[in-house]
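Given next are the chains, with one letter for each unit.
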Amino acid sequence: MSAPLFLLGTHQPGWLARAGVPLFVSDRRLRVYKTLPLAAAPWGCDSGGFTELQQYGTWTVPPAEYVARLRRYRDQIGHLLWAAPQDWMCEPIIINGGQIGPIRFAGTHLSVAEHQRRTVLNFAHLRDLAPELNIIPVVQGDTITAYLRCVDLYQSLIGVDLTRVPLVGLGSVCRRQATGEAGRIIRALHARGVRRLHGFGFKILGLAEHGHLLTSADSMAWSIDARRRRTPLPGCVGHRHCANCLRFALRWRTEVLA
């Protein structure tokens, strides 16, 4: 398989007009802009689901409101490849709540099966509200069996055969990339016939190990790398580190693609 289309994740929406490479930008960052940038390259829109569930333990954004913003982004920014749905991640910390470092997780206190049901039904709702928008389905789970059950749920609940759609998002694998579990999940989905996958939040290790199995992927790991370095790149001025630096992000992207 060929290398995946790589979307550089960014929390700087202004880069849409400047970076000149495919980007992945969150609705949470874009929604506050009165004047939106014109995209210089294709980009994908993240719904901001992880932060939404982390902070509130539920979705506070009505689907109709999200769809209205996606139409605005499509028309005013341009070059929108696709958008993520308002899905429900299945990481234990999202479900159970708790604390990771300084970040508090409210917890949904629902089952994995209920997260999957809500993910599927939200995709159907968004599709009904805006059939002209390219909103991709996402599979969620906590085990290989659960991911395959989610595939079946799309068929049984809303009549969508994921083996026939152009792209399927793969959720809740961000913290599984250091093990072989992410690869086993991807291969199980391939065996089921779901082969056109987008990997959310992949790091360098995950891309190196599993990138050839993906159609596309996004990552914001560059910002974490820049913060850990603590000093800016030679020639960078005006900031203590490069965690918000386009020059660093583009250099990191070049190294990843190489």
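Residues numbered from 1 in each chain as written. Predicted model: local features only at pLDDT ≥ 70, side-chain atom pairs only at ≥ 80, totals over all residues. Heavy atoms only, no water.

1. A word on the packing of aromatic side chains
Moving on, step 1. Counted by the stated rule, this structure contains eight aromatic pairs.
Moving on, step 2. One aromatic cluster is present, formed by Phe-24, Trp-82 and Phe-200 through successive ring pairs.
Moving on, step 3. Between the NZ or CZ atom of Arg-118 and the centre of the ring of Trp-88, over which it lies, the distance is 4.9 Å. (Phe/Tyr/Trp six-rings, centres within 6.5 Å; stacked < 30°, edge-to-face > 60°. Lys NZ or Arg CZ within 6 Å of the ring centre and 35° of its normal.)

2. What about the environment of Tyr-73?
Moving on, step 1. Among the structural elements, Tyr-73 can be located in helix H4 (residues 63-77).
Moving on, step 2. For Tyr-73, a relative accessible area of 0% gives the class buried.
Moving on, step 3. C-alpha separation for the pair Tyr-73 and Ala-182, spaced 109 residues apart in sequence, amounts to 32 Å.
Moving on, step 4. Once you skip the residues sitting within four places of it in the chain, Tyr-73 turns out to touch Asp-27, Leu-30, Arg-31, Leu-36, Trp-43, Cys-45 and Gly-78. (Helix = DSSP H or I, 4+ residues; strand = E, 2+ residues; numbered from the N terminus. Buried < 20%, exposed > 50% of the residue type's maximum accessible area, 1.4 Å probe, protein only. Contact = heavy atoms within 4.5 Å.)

3. Digging into the sheet that holds strand S4 (residues 80-83)
Moving on, step 1. Strand order across the open sheet formed by eight strands is S4-S3-S2-S1-S10-S9-S8-S7, with parallel pairing between neighbours. The open sheet terminates on both sides in strands that have one partner only, identified here as S4 and strand S7 (138-139).
Moving on, step 2. Of the strand pairs in this sheet, strand S1 (residues 5-10) and strand S2 (residues 23-26) are connected by three bridges, and their pairing is parallel. What sits directly across from Gly-9, in S2, is Phe-24. (Pairing = 2+ DSSP bridges.)

4. Let's talk about the packing of helix H6 (residues 112-129) against helix H7 (residues 144-158)
Moving on, step 1. The interhelical angle for the contact between H6 and H7, taken along N-to-C directions, is 40 degrees, at an axis separation of 10 Å. Of the possible angle classes, the one that applies to H6 and H7 is oblique. Considering how the two elements wind past one another, H6 and H7 form a crossing that is right-handed. Contact residues: H6 offers Val-112, Gln-116, Arg-117, Thr-119, Val-120, Leu-121, Phe-123, Ala-124 and Arg-127, while H7 offers Ala-146, Tyr-147, Arg-149, Cys-150, Leu-153, Tyr-154, Leu-157 and Ile-158.
Moving on, step 2. Its residues assigned to classes, the contact of H6 with H7 comprises twelve nonpolar, two polar and three charged. (Axes fitted to C-alpha atoms, helices over the stretch in contact; angles between N-to-C directions. Parallel < 35°, antiparallel > 145°, perpendicular 65-115°, else oblique. Left-handed = near helix turned anticlockwise from the far one by under 90°. Nonpolar A, V, L, I, M, F, W, Y, C, P; charged D, E, K, R; others polar.)

5. Section: the state of the cysteines
Moving on, step 1. For the structure shown, the criterion picks out zero disulfides.
Moving on, step 2. With no disulfide partner, Cys-150 has as its closest neighbouring cysteine sulfur the one in Cys-90, 7.4 Å distant.
Moving on, step 3. The class for Cys-150 is buried, based on a relative accessible area of 0%.
Moving on, step 4. Cys-236 supplies the cysteine sulfur nearest to Cys-242, a cysteine that is in no disulfide, at a spacing of 3.9 Å. (Disulfide = S-S within 2.5 Å.)

6. Things to note about H6
Moving on, step 1. For H6, which comprises 18 residues, the first-to-last C-alpha distance of 26 Å matches the rise-based estimate of 26 Å (1.5 Å per residue) to within 8%.
Moving on, step 2. Inspection of H6 places Val-112, Glu-114, His-115, Gln-116, Thr-119, Val-120, Asn-122, Phe-123, Ala-124 and Leu-126 among the buried residues, and these make up the whole buried set.
Moving on, step 3. Tucked inside the fold, the buried residues of H6 contact H4, helix H5 (92-96), S7 and H7. (Expected span 1.5 Å × (residues − 1).)

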